[in-house]
Every structure is written in C-alpha cells, then in structure tokens.
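If you want the building blocks of each chain, they are given just below.
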Amino acid sequence: MNSKNSSTLSASSSWQIKDVSIPNRLVIAPMAGVSNIAFRSICKQFGAGLVCAEMVSDKALYYDNGKTLNMTQVLEEEHPMSLQIFGHDIESMVYAAKLLDTQTQCDIIDINMGCPVNKVIKAHAGSALMREPEYARSLVKEIVQAVKKPVTVKFRSGFDSEHINAVMFAQYMEEAGASAICIHGRTRAQMYEGKADWKIIQQVKQAVSVPVIGNGDVRSVQDMQRMFDETGVDAVAIGRGVLGDPWLIRQCVHYLKTGEQLPEVSYQERFAIAREHAHRLIDLKGENVAMKEMRGHAAWYIKGLPGSHPVKERLARVSTYARFDEILTEYEKQIQAHEREV
C-alpha cells in the first residue's frame, strides 16, 4: 500500500462533472439527517473533493416550506457541492430543480433515485423510480432541459435481487442528459445491509461514457483503492464510513496524492473535532436541537476507544453543550490514566 501504482496516480487528479471542476476523486455521499452544513463543512475541512447535502423533498420546495428552504443554504467553503432532491411528479421536480438552479449557490443538482426508506417508496420516489426506468428517463430529461447547472443521478443496483437493472438504468440516465451518475451497489431490498455488489458498479462504468461514482462498503483507504482497481470508477463515494471519522477523508486524499498511509488519529484530535462539530451544529440549529443530534455523532466519534460503552450511554442523554464537554473531559482523563497504567 505504500508504493504508487498507475490507478493511484490517475485517481489523484482533478476531474469534471460537466463544467464543474472537482479537485480530487473522493465524494461524500448524502445521508438523511446527517449531511447538513455543519457535517459538510467538516468534510470539506478534511479535504473531500465533492460533498452532497441531504435530500430535500420537491414538494416541500414547491410549497415554499421554510425549514426545507433553509436546508438548501450553502457556505462559501463548501464548493464544489451538490444539493439533492427527491420526488416523482415531473412538474414539482422541475420546479424544485429550477429553484436550486437559480436561487441557491449549489454547483450541481443531484436527483435521488436510491433512497430505500418506506415513506419515500410509498411516494413512488427514491429507489421506487428504478421500477419505472422509462418514466425516470423522462423525468431527468425534463429537469436537464430546464436548468443550466449539471444534473447527476444517484441510484442502486436494482429494486431487488430479481430486478437488477442498474446498467440499463445508467444508460437511460445518460440518454436523458445526466452529467454523471452515482451507483450504490446494493438493491433497495438490501437497504443498508449485506454486501454491496461492486461487479454491477464495474458493469455500469463500462456501459456509459459520463463519469461514474461508486458507492458502498468503503470504510478504509484500502477499500477505496480496491474499488478504483476493481470497478474503474471515476470517483469513490463514502457515506457511513466517515461518520465520526472525517480523518478517513484526509487519509484517502493523502493516499491518492502520495500512495502513502497516514498514521491513526489521536483521541485528543477526535475529541477536538467532536467539540467543533457540536459548535457548528449549535450555530446552525440552536443548542437544544444540536445537542440531540450530537448524541449520535458523539457515539461515532468515540467508537473503538477503550471503555467507550458507558461513555456512549451518558452521551446519549446530553441536552447541553456544557454537559457534553464535561463528559468528554472526564473521558479524556480516564484514557490518560489508562495509558499511564499501561
């Protein structure tokens, strides 16, 4: 892993989605309830080439929902970045895309055709659209014709194991004018369980000429490089692998540039970034909402550290930053004492 090979060299370069230049080939996949400004700005701080916001409803934008409109805000340091919409009806999807095109600072408009949750499926959106490939193609074509910014589409290998249609679906998206596609190597039926099928990602890459982003089961530098090697994708998207571990972004980007592995991060830096994440969330959402959201993030940040289980239980009840900070400070002292004993 510490010598450069040809795939490492090619993967380190900048690339384009239409006229948007992306500095490296590491993409942070959108995650509902996670990929807000606070999370995205940390990912950018650690070197992500492209970040994508959590999906927002086309209907919510169509009906001028204030909370949803706030979710389309973009910070200057986030560029390049994409905003993602989901829905089914052509009229409201085109409206939402035009709003993102003309009234937000995003660089790319992403269409979600991969979300597997029941509420979205019942609305015939997300991965339900993989059951209507011709309609999905028409939908994307209408959006592409209505906006100036690049349009990308994220989808899965298929709706279930009996209907693996990602290759045809990718070709339809390219025909409709999508500037790039992102394929998650699981079916809708798999949700986030089981193993992602990288073979289908490779087949999609070979079937289209637009850039292809591969997604699924990348949790280490080695996983990232293996995906490049095995699938030939233009970029690799990481989602859950960076929860509580934005250092994985830095490690991946460093490896793409140099072929070298960075050392593991210290627990002191973990706690420092956890606190920074909390501050950013408070600025975004206020202390009450932010600290409820930080309960999950805090557990991710301390995952794998010695004696973390009882600390996670305490963090799962925090409602103020002062208490959050107090628990982390106590835990730091506990780890230091443990290190002295060892």
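Residues numbered from 1 in each chain as written. Predicted model: local features only at pLDDT ≥ 70, side-chain atom pairs only at ≥ 80, totals over all residues. Heavy atoms only, no water.

Draft legend 1. The arrangement of the pairing of strand β8 (residues 151–158) in detail. In terms of burial, β8 is largely enclosed, as eight of its eight residues are buried. Both strand β7 (residues 108–113) and β8 contribute to a ladder of five bridges, which runs parallel. Looking across to β8, one finds that M113 is bridged to F155. Each parallel crossover has a hand, and the one from β8 via helix α8 (residues 166–176) to strand β9 (residues 180–187) is right-handed. (Buried < 20%, exposed > 50% of the residue type's maximum accessible area, 1.4 Å probe, protein only. Helix = DSSP H or I, 4+ residues; strand = E, 2+ residues; numbered from the N terminus. Pairing = 2+ DSSP bridges. Right-handed = clockwise from strand over helix to strand, strands pointing away.)

Draft legend 2. Molecular detail of the environment of A272. Looking at where A272 falls in the secondary structure, it is placed in helix α12 (residues 267–285). Separated by 46 residues in the primary sequence, A272 and R226 place their C-alpha atoms 31 Å from one another.

Draft legend 3. Broad picture of empty space enclosed by the protein. Under the criterion given, the structure shown has two cavities of 30 Å³ or more. By volume, the largest cavity is sized at about 120 Å³. Residue lining of the largest cavity: 13 residues in total, with S82, D110, T152, C182 and I213 positioned closest to the centre. At the level of secondary structure, the elements contributing two or more residues to the lining of the largest cavity comprise β4 (50–52), β7 and β8. (1 Å grid on protein atoms, 1.4 Å probe; cavity = no way out; pocket = protein on both sides within 12 Å on 5 of 7 lines; lining within 4 Å. Points joined across faces, edges and corners; volume = space filled by probe spheres on them.)

Draft legend 4. Quick look at the packing of aromatic side chains. Considering all chains together, one arrives at eight aromatic pairs under this definition. On the basis of an interplanar angle of 75 degrees and a centroid distance of 5.6 Å, the ring pair of F46 and W247 is categorised as edge-to-face. Here the residue F46 occupies a position in the loop between α2 (37–45) and β4, and W247 occupies one in helix α11 (residues 247–258), the gap between them amounting to 201 residues. Residue classification places W247 among the buried positions, given a relative accessible area of 1%. An aromatic cluster of at least three residues, connected via ring pairs, comprises F46, W247 and Y301. Just above the ring of F159 sits the side chain of R131; from NZ or CZ to the centre is 4.1 Å. Stacked on the ring of Y172, the Lys or Arg R137 has its end atom at 3.9 Å from the ring centre. (Phe/Tyr/Trp six-rings, centres within 6.5 Å; stacked < 30°, edge-to-face > 60°. Lys NZ or Arg CZ within 6 Å of the ring centre and 35° of its normal.)

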